[in-house]
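Observations on the three-dimensional arrangement
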Amino acid sequence: GVKKNYKKVRSRVMTYDTENIFAKILRGEIPNTTVYENEYVLAFEDINPQAPIHILIVPKGPYTDMADFSLSAAGEEQVAFTKSISEVVTIAQLEATGFRAIANTGIDGLQEVPHYHLHILGGGPLGPMVNR
Ligand code: AMP
């Protein structure tokens, strides 16, 4: 039920792993190819692209996944994150041809990196919606 999931999200908040690879990228310990950046958000190219254009949008705050971010991030962070989507889409010239946004979350979502990130995929036909 909803209540159970809420508790699950709260417990993930408590266990944010500061050594995850995107935390290291945000601290500048690992290089990245930046596409867009502002006070609250970093967007960079995926190292193993699944489409001709594959960009990850990451909030700078310590949020494990989309559910954690939407529950716990400040309004300012959430607005900045949402607005960064249009910035990235414009920079990557995806407006005319379209794109797909994916937030793999938790165990069933096969999330690999436990820091919230939105995949922006485009540059060609993307195939079925779910096929991982
Ligand atoms: P997910 O499975 O949704 O957690 O996606 C993690 C994504 O991070 C994958 O698409 C990886 O290719 C990508 N990734 C892992 N390490 C790096 C890195 N150092 N720089 C850029 N992307 C990375």
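Because the structure is a prediction, the values reported are computed rather than measured.

1. A look at the pairing of strand 1 (residues 34-37)
- In terms of strand pairing, strand 1 meets strand 2 (residues 41-45) through 3 bridges, oriented antiparallel. Bridging across to strand 2, T34 finds its partner in F44.
- Hairpin connection, strand 1 to strand 2: the antiparallel pair is bridged by 3 residues.

2. Considering the packing of aromatic side chains
- Taken as a whole and assessed by the stated rule, the structure comprises 5 aromatic pairs.
- Judged by centre distance (5.3 Å) and plane angle (80°), the ring pair of Y63 and F69 falls under edge-to-face.
- The exposure class assigned to Y63 is buried, which follows from its relative accessible area of 10%.
- Overall, the relative accessible area of 5% leaves F69 in the buried class.
- Centroid distance F69 to Y116: 5.3 Å. Interplanar angle 35°. Geometry classified as tilted. Here Y116 lies in the loop between strand 4 (99-102) and strand 5 (118-122) and F69 lies in helix 3 (residues 66-72), a separation of 47 residues in the sequence.
- Judged by relative accessible area, which is 4%, Y116 ranks as buried.

3. Comments concerning the site of the ligand
- If you check the shell around the ligand, you find 17 residues, and the closest are D46, N104, E112, H117 and H119.
- Contact between the ligand and E112: an oxygen atom at 2.7 Å from a main-chain N or O atom of the residue.
- Expressed as a share of its isolated accessible area of 500 Å², the protein-covered part of the ligand is 88%.
- Those elements that provide at least two residues to the shell around the ligand are helix 2 (21-26) and strand 2.
- At 3 residues, helix 2 tops the list of elements feeding residues into the shell around the ligand.

Criteria and thresholds
Residues numbered from 1 in each chain as written. Predicted model: local features only at pLDDT ≥ 70, side-chain atom pairs only at ≥ 80, totals over all residues. Heavy atoms only, no water. Pairing = 2+ DSSP bridges. Helix = DSSP H or I, 4+ residues; strand = E, 2+ residues; numbered from the N terminus. Phe/Tyr/Trp six-rings, centres within 6.5 Å; stacked < 30°, edge-to-face > 60°. Buried < 20%, exposed > 50% of the residue type's maximum accessible area, 1.4 Å probe, protein only. Near = heavy atom within 4 Å. Polar contact = N/O pair within 3.5 Å; in protein donor to acceptor, adjacent residues only side chain to side chain. Areas by Shrake-Rupley, 256 points an atom, 1.4 Å probe, with all protein chains shown as cover.

Any functional reading would require information beyond the geometric quantities listed.
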